[in-house]
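If you want the building blocks of each chain, they are given just below.
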Amino acid sequence: MNQKEIYEFVNNIDFFSDLEETEKKLLIEKFTVETYNSGIYLFKEDKERKSVYIIYAGDVELLKKTPHKEDQRLFYFTMGDVISEGAFIDNSPHSTSAKTITACTIFSLARTDIELIFAQNPKIGLKISSKLVKVISKRMRSSNMRFVSIGSQYLFGEKRLEHDLLGEKEVSNEVYYGIQTLRALENFDITGVPLSFYPEIPKAFAMVKQAAARANYDLELLDEDVANAIDEACTGILNGKFLKCFVVDMIQGGAGTSTNMNANEVIANAALVNLGYEKGQYEYCHPNNHVNLSQSTNDAYPTAVKIAIIRKNKTLVKALLNLISAFKVKADEFSHVLKMGRTQLQDAVPMTLGQSFEANAITLEEEVERLTSNVNLFLEVNMGATAIGTGINSDPDYTRRVIGHLRDITGMDIVSARNLVEATQDTGAFVMYSSTIKRLAIKLSKISNDLRLLSSGPRAGLNEINLPAVQPGSSIMPGKVNPVIPEVVNQIAFKVIGNDLTVSLAAEAGQLELNVMEPVIIQSIFESMEMLINGMNTLRSSCIVGITANIEHCRSMVMNSIGIVTALNPVIGYEASTQVAKEALETGKSVYELVLEKKLLSKEEIENLLSPENMLKPRKFTKNNN
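Residues numbered from 1 in each chain as written. Predicted model: local features only at pLDDT ≥ 70, side-chain atom pairs only at ≥ 80, totals over all residues. Heavy atoms only, no water.

1. Concerning the packing of aromatic side chains
No. 1: All chains considered together, the criterion is met by 17 aromatic pairs.
No. 2: Centre to centre, the rings of Phe378 and Tyr433 are 5.6 Å apart; their planes meet at 65°, and the pair counts as edge-to-face. Linking Phe378 in the loop between α11 (353–375) and β13 (380–381) with Tyr433 in helix α14 (residues 428–454), this pair joins segments that are 55 residues apart in sequence.
No. 3: For Phe378, a relative accessible area of 1% puts it in the buried group.
No. 4: According to the relative accessible area criterion, Tyr433 is buried, its value standing at 0%. (Phe/Tyr/Trp six-rings, centres within 6.5 Å; stacked < 30°, edge-to-face > 60°. Helix = DSSP H or I, 4+ residues; strand = E, 2+ residues; numbered from the N terminus. Buried < 20%, exposed > 50% of the residue type's maximum accessible area, 1.4 Å probe, protein only.)

Dropping the structure here:
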């Protein structure tokens, strides 16, 4: 690649638009052209900035580590985007990581060369700094407005005029959504949580629209170039592109129409760009006439969100399985730790701490089965129903074809509902699934209650286990450490239980041929799933894996407990055992001492019976004649 080709490419990048020709050439002379395979890091979080990168070809994702040390995608960059532009200022550590998604050709400009150029040509440094100020200002403004497009950091105010039923509006030329999405932004500033917060939703809509485009092309209702452009736009969304353009609030009026139109407009404008047109030139690819062809919100929306829940459920189950695994590790670690079992917060009979943790693992394993079973209810969809289930405005063969394409695209065993009128108004699958995640939340809350009780103290409580100390516990009491992780899981459970009630009420509120309350149903379910995933990951990594046992304290409580008298019951009888227990409580004497004193058993007999190890499982007894 020669200098002229590089110059022609860079000359069209808005970031460098303030530079004169000679100034651009000074920068370009120092460019290094590098090629990368997919999956290669350009830079990593917390490492020193060494270069500025300009993407010539390929796609790059910007990643941020979560508290659980997992990479979370923030942005998706493509041809013409500038990355790590902060290196124009200094060599401060990166706050994010950048990794290639596809094979890439990238121009890099080293920090050392930047310093040299700026020292010799201060004007270049001033112009670049001025551009950076605009970039940062735009990022902050976009963030405050709660809606950010992938390329919003390079957005400088050009507008396009769009119209709809209600009139005309100016839409920023940099964004891929249109006038109907803009109206929804104005009308539904409700939760502050946009569709893009849950990437599964935009990606599921891309799958639905892609399947519809392919079906409509099969039926000769879409020209090949338009169908291919829509298909390509949907593939871009599935690869992570345009996700931040899904800006509508999760809760909205209109039965999901704003969400559907957000998807239609983003896909239409992306398709227009693929066709070589400008955004907003809808005569060539229209959000309704082409992207929404043979569809209605009333079949596209529920189909998409069902697919999204199925995909999100995989992440939920993964978090649950990881938590179960952590409990099993502790069950094995604590298998020899004798402790007192309790019922109604009173001493009962001995057990091991390992048995307690194993019970937690088993009860959660049941939920894996429930989640997997109930999420399959979403495989039945009403695609092809259009408005109310009659299939108006669709080809007789459309339903069969669109379902076939959906199966291919999603890899799921999706089927068409037996009766599309019934399926369009029914929300029973959402009710069932919501109750399943509520059941999981209830179990997690019970487990969290137990962890708080077992770790209570440390001097005046049960103090059988120690939870990891993750933060100081009081602003006034020195040395106090609270069980904050189980506490937050309890609170998550309360929210999930409340969301389940919301789903039930919204499902009941359906009227005639449609339930317009589906947006709050979807918001409630996704919020519950997100909180449960984060909560289980936090419980595992910040609590369960670090729990230790106070072994001697656990054993001493067993030996001093009145509860071990239960072991004598099959031998000396219930009445005698009760008398021993009562006297032990009144006198402070041990059960062992009283049984010998009353000559109810010999020393050898009682030591065998009261051996805690013999009380952990069923054993053979002789007939009791008392």
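Here the narrative resumes, following the displayed structure.
2. Digging into the pairing of strand β3 (residues 51–57)
No. 1: β3 sits mainly inside the fold: five of its seven residues count as buried.
No. 2: Two strands pair when backbone bridges link them, and β3 and strand β8 (residues 104–110) are joined in this way by six bridges, in the antiparallel orientation. Directly across from Ile54, in β8, lies its bridge partner Phe107.
No. 3: In terms of strand pairing, β3 meets strand β6 (residues 82–83) through two bridges, oriented antiparallel. Counterpart to Ile54 in the pairing with β6 is Val82. (Pairing = 2+ DSSP bridges.)

3. Description of helix α2 (residues 21–28)
No. 1: Every buried residue of α2 is accounted for by Glu23, Lys24, Leu27 and Ile28. In an axial view of α2, the angular spread of the buried residues amounts to 140°, which keeps them on one side of the axis. (Arc of directions from axis to C-beta.)

4. Examining the nonpolar core
No. 1: By size, the foremost hydrophobic cluster in this structure holds 119 residues, and its most contacted members are Ile230, Leu316 and Tyr433.
No. 2: Per-element tally for this core: the top contributor is helix α10 (residues 297–333), with 17 residues.
No. 3: The residues touching Tyr433, leaving out its near neighbours within four places in the chain, are Ile309, Asn313, Leu316, Leu371, Asn374, Val375, Phe378, Ile525 and Met529.
No. 4: Listed in part, the 24 residues of the second largest apolar core include Tyr7, Phe16, Ile28 and Ala87. (Core = buried A, V, L, I, M, F, W, Y, C linked by side-chain atoms within 4.5 Å. Contact = heavy atoms within 4.5 Å.)

5. Looking at the sheet that holds β8
No. 1: Taken together, four strands build an open sheet; the order of strands is β1-β8-β3-β6 and the sheet is antiparallel. The open sheet terminates on both sides in strands that have one partner only, identified here as β1 (32–36) and β6.
No. 2: Pairing of β1 with β8, which is carried by five bridges, proceeds in the antiparallel orientation. Its bridge partner being in β8, Thr35 is matched across the sheet by Thr105.
No. 3: Against the sheet, helix α1 (residues 3–10) touches β1, β3 and β8, its axis set at about 95° to β3.
No. 4: Along the sheet face, helix α3 (residues 111–120) touches β3 and β8 and points at about 50° away from the line of β8. (Axes fitted to C-alpha atoms, helices over the stretch in contact; angles between N-to-C directions.)

6. Quick look at the sheet that holds strand β2 (residues 41–43)
No. 1: Strand order across the open sheet formed by four strands is β2-β7-β4-β5, with antiparallel pairing between neighbours. Both edges of this open sheet fall to β2 and β5 (71–77), since each of them pairs with a single strand only. Within the sheet, the average angular offset between the axes of one strand and its neighbour, ignoring direction, is 35°.
No. 2: The sheet contact formed by strand β4 (residues 60–65) and strand β7 (residues 97–100) spans four bridges and is antiparallel.

7. As for the packing of helix α5 (residues 179–187) against helix α8 (residues 257–275)
No. 1: Orientation of α5 relative to α8, taken along the N-to-C sense of each, is 140°, at an axis distance of 8 Å. The angle between α5 and α8 places the two elements in the oblique class. Of the two possible hands of crossing, α5 and α8 adopt the one that is left-handed. Contact with α5, carried on its side by Ile179, Gln180, Thr181 and Ala184, involves Ser258, Met261, Asn262 and Glu265 of α8 and no other residues of that element.
No. 2: In terms of residue class, the contact of α5 with α8 is made up of three nonpolar, four polar and one charged. (Parallel < 35°, antiparallel > 145°, perpendicular 65-115°, else oblique. Left-handed = near helix turned anticlockwise from the far one by under 90°. Nonpolar A, V, L, I, M, F, W, Y, C, P; charged D, E, K, R; others polar.)

8. Re the confidence of the model for the chain
No. 1: On average, residues of the chain score 89 in pLDDT, and 95% of them reach the 70 mark or higher.
No. 2: In the predicted structure, residues 141–156 sits below a pLDDT of 50 and forms 44 contacts with residues beyond four places in sequence or in another chain. (pLDDT = per-residue confidence, 0-100.)

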